[in-house]
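Read off the chains here:
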Amino acid sequence: MSQAAGNPYAAELAAAKKAVTLAARLCQAVQEDILQSGVQSKADQSPVTVADYGSQILVSLVLKMEAPASSSFSMVAEEDSEELRKEGAEEILENITELVNETIVDDGTYSIYFSKEGILSAIDDGKSEGGPSGRHWVLDPIDGTKGFLRGDQYAIALALLDEGKVVLGVLACPNLSLGSIGNLNGGSSGDQVGALFSATIGCGAEVESLQGSPAQKISVCSIDNPVEASFFESYEGAHSLRDLTGSIAEILGVQAPPVRIDSQAKYGALARGDGAIYLRFPHKGYREKIWDHAAGSIVVTEAGGLVTDASGNDLDFSKGRFLDLDTGIIATNKQLMPSLLKAVQDAIKEQNQAASPL
Ligand SMILES: Nc1ncnc2c1ncn2[C@@H]1O[C@H](COP(=O)(O)O)[C@@H](O)[C@H]1OP(=O)(O)O
Ligand SMILES: [Mg+2]
Ligand SMILES: [Mg+2]
Ligand SMILES: [Mg+2]
């Protein structure tokens, strides 16, 4: 049964898929430009900024045009227009305006033209604080900026909060192969590239091609022996405490080396069983944002997995723009979660003892 049948959020799901698909087209064009011009190796980060803003504007446009307007539009998104309103940002604003208008014309669905002021105000559609009541869209227009720059994995991640709960999530992963990435750090050759994951509460999770193909139900792997498990973590060493994730894996008995990829593509890959565990332990003081986990976590839970903090608590998306959680985020299937949680707690204890021996 597809998610459309009996899905109370069917209209929102269709709008969300359309929104991230259009945004992905813009991101892909910018990524090709970056890779061709070699800009990613310079300090100049402006092309990334163009794609981040451009993606956010297109998502907000499509949602406003397509989603049923039963209540007022609210979106919690990563970017705002502050930098673009400053002196010296004229050229980049010009580039964004051109890129967004070109993408809309190429797509052909909407006869809309954005002025520069329209661009700025569309970006600020994402300024909502979210919270426990009402409906809020939650958007990361490019998740995994570092991967995007390198030409690797990134995701456009969009979710819907309803009364503080994530009820729907879509993840566009333009560089992720449609087939399993298994233990490889990349797609297998000859495979179709560009995956769109989606999930609605109570209706399961699916994956389809970003180019359009029938959606397939997905589920997390059924591995129950940690020796056979593999785990995902950030590609970027600076995003994760690798000593800690390494000792968790060791305590569990995981044999395979970690699969390191950028962005919420990790949640997508986990949800379709490409690996068994996702460990995310940022450095002390880093505050997790809701747009970095809302879409990914519902894709995993609807695929039969579990996503919790290091103490085993569910993630609470109702507290505003930040997640308020204990230490780190872990995701796996139901069979492995009890032993994973124990290994996490043992590894944290070990680390604390090493830091302050008696
Ligand atoms: N110091 C950091 N520690 C952890 N995550 C970070 C840090 N800086 C940025 N991020 C965010 O982590 C996510 C990607 O992490 P990863 O690819 O390692 O899973 C992105 O949301 C990225 O932001 P952004 O959305 O701007 O790329
Ligand atoms: Mg992000
Ligand atoms: Mg981002
Ligand atoms: Mg960012």
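Residues numbered from 1 in each chain as written. Chains lettered and ligands numbered in written order. Predicted model: local features only at pLDDT ≥ 70, side-chain atom pairs only at ≥ 80, totals over all residues. Heavy atoms only, no water.

**So, the side chain of Thr332**
Now for step 1: Position of Thr332 among the secondary structure elements: in strand S12 (residues 329-333).
Now for step 2: By relative accessible area, which is 0% here, Thr332 ends up buried.
Now for step 3: Of the polar contacts made by the side chain of Thr332, one reaches the backbone oxygen of Ala276; its length is 2.6 Å.
Now for step 4: Look past the residues within four positions of Thr332 in its chain and what remains in contact with it is Leu270, Ala276, Ile277, Gly305, Leu306, Met337 and Leu340. (Helix = DSSP H or I, 4+ residues; strand = E, 2+ residues; numbered from the N terminus. Buried < 20%, exposed > 50% of the residue type's maximum accessible area, 1.4 Å probe, protein only. Polar contact = N/O pair within 3.5 Å; in protein donor to acceptor, adjacent residues only side chain to side chain. Contact = heavy atoms within 4.5 Å.)

**Some points on the nonpolar core**
Now for step 1: Judged by nonpolar contacts, the single largest core of 54 residues is most densely connected at Ile96, Val100, Trp137, Ile156 and Leu158.
Now for step 2: Broken down by element, the residue count for this core peaks at 12 residues, all from helix H1 (residues 10-37).
Now for step 3: Membership of the second largest hydrophobic core comes to 41 residues, among which are Val76, Val166, Tyr267 and Ala331. (Core = buried A, V, L, I, M, F, W, Y, C linked by side-chain atoms within 4.5 Å.)

**Structural notes on the domain arrangement of the protein chain**
Now for step 1: For the protein chain, the assigned domains are domain 1 (10-166) and domain 2 (226-353).
Now for step 2: Relative placement of domain 1 and domain 2: their C-alpha centres are 27 Å apart.
Now for step 3: The interface is formed by 27 residues belonging to domain 1 together with 18 residues belonging to domain 2.
Now for step 4: Contact with domain 2 buries area across many residues of domain 1, yet Arg150, Gln153 and Val166 alone supply 27% of it, more than any other trio.
Now for step 5: Our enumeration of links across domain 1 and domain 2 arrives at two salt bridges.
Now for step 6: With its nearest N and O atoms 2.6 Å apart, the salt bridge here joins Glu236 to Arg150.
Now for step 7: Here domain 1 and domain 2 share six residue pairs in polar contact (both at pLDDT 80 or more) between them.
Now for step 8: If you list the elements that add at least two residues to the side of domain 1 that touches domain 2, you get strand S1 (75-77), strand S2 (135-143), helix H5 (145-150) and strand S3 (155-162).
Now for step 9: Among the elements that take part in the side of domain 1 that touches domain 2, S3 stands out by supplying five residues, more than any other.
Now for step 10: Of the residues assigned to the side of domain 1 that touches domain 2, the class counts are 12 nonpolar, seven polar and eight charged. (Domains from an automatic or database assignment. Buried area = accessible area lost by both parts, 1.4 Å probe. Salt bridge = Lys/Arg side-chain N within 4 Å of Asp/Glu carboxyl O. Nonpolar A, V, L, I, M, F, W, Y, C, P; charged D, E, K, R; others polar.)

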